[in-house]
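Read off the chains here:
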Amino acid sequence: RELVGCWWEAITPDSASALSLMSISTDPASSGLKFSGKAYDRQGNLNAVWETVASCTNPAEKKVFYYWRGWHPARPNEPFEGFGELVFHASGDGIHSGMGFFSDTNLTQVNSTTRKSVQLHRASADEATLLQQANAKLVAESIQNKLAELS
């Protein structure tokens, strides 16, 4: 359960969502991992909300495979879904980074599927707490600062 916690997910290619803050927790129903996230555009505006429906892990290779569903607040009648694979990198003091990809399909336009790469960085407790605030200006500034730091 070394992966439990909050993670930054830098998304490429440059798309509407540039950065996601993802929370990984243990799913009590399945004893597997549950992911949920909020994705932000380059200006720090909330662009998408998503969560996993299912996941499986390969601990020996530090890989997670997952199926997700989500929506864009500006377009609530357009559901999105896809699958992904993440590989986490261990160092002497734990797991702090990773990489992977996910597919993104607008279910109202099934031919819209794209594949996006991600770089993962563990978020600090302060960063995770800040993004739970209702202050949109503080959240936007935090997202913009993190994007600058990661680029």
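That block above? That's the structure.
A quick note: this is a predicted structure, and the numbers were derived from the prediction, not measured. (Residues numbered from 1 in each chain as written. Predicted model: local features only at pLDDT ≥ 70, side-chain atom pairs only at ≥ 80, totals over all residues. Heavy atoms only, no water.)

A. Up close: the side chain of T52. Inspection of the secondary structure assignment puts T52 in strand β4 (residues 46–58). For T52, a relative accessible area of 2% translates into the label buried. Non-local contacts of T52, meaning those with residues more than four positions away in its chain, are made with L33, K34, F35, Y66, Y67 and W68. (Helix = DSSP H or I, 4+ residues; strand = E, 2+ residues; numbered from the N terminus. Buried < 20%, exposed > 50% of the residue type's maximum accessible area, 1.4 Å probe, protein only. Contact = heavy atoms within 4.5 Å.)

B. Representation of the pattern of salt bridges. All told, the structure shown has eight salt bridges when counted by the stated rule. Put simply, E81 and R69 hold a salt bridge, and the shortest N to O gap is 3.9 Å. Taken together, the residues span a long stretch of sequence, with E81 in strand β6 (residues 75–91) and R69 in strand β5 (residues 63–72) at a distance of 12 residues. Across the pair K116 and D104 runs a salt bridge whose closest N-O atoms are separated by 2.9 Å. Of this pair, K116 sits in strand β8 (residues 114–122) while D104 is found in strand β7 (residues 94–106), placing the two residues 12 residues apart along the sequence. The two residues K116 and D104 agree in class, both being buried. A single network of salt bridges, built from pairs that share partners, joins E61, K63 and E85. (Salt bridge = Lys/Arg side-chain N within 4 Å of Asp/Glu carboxyl O.)

C. Up close: the environment of V118. The residue V118 is located in strand β8 in this model. Looking at V118, the relative accessible area reads 1%, which means it is buried. Each C-alpha atom, one on V118 and one on L86, is 8.4 Å from the other, the two residues being 32 residues apart in sequence.

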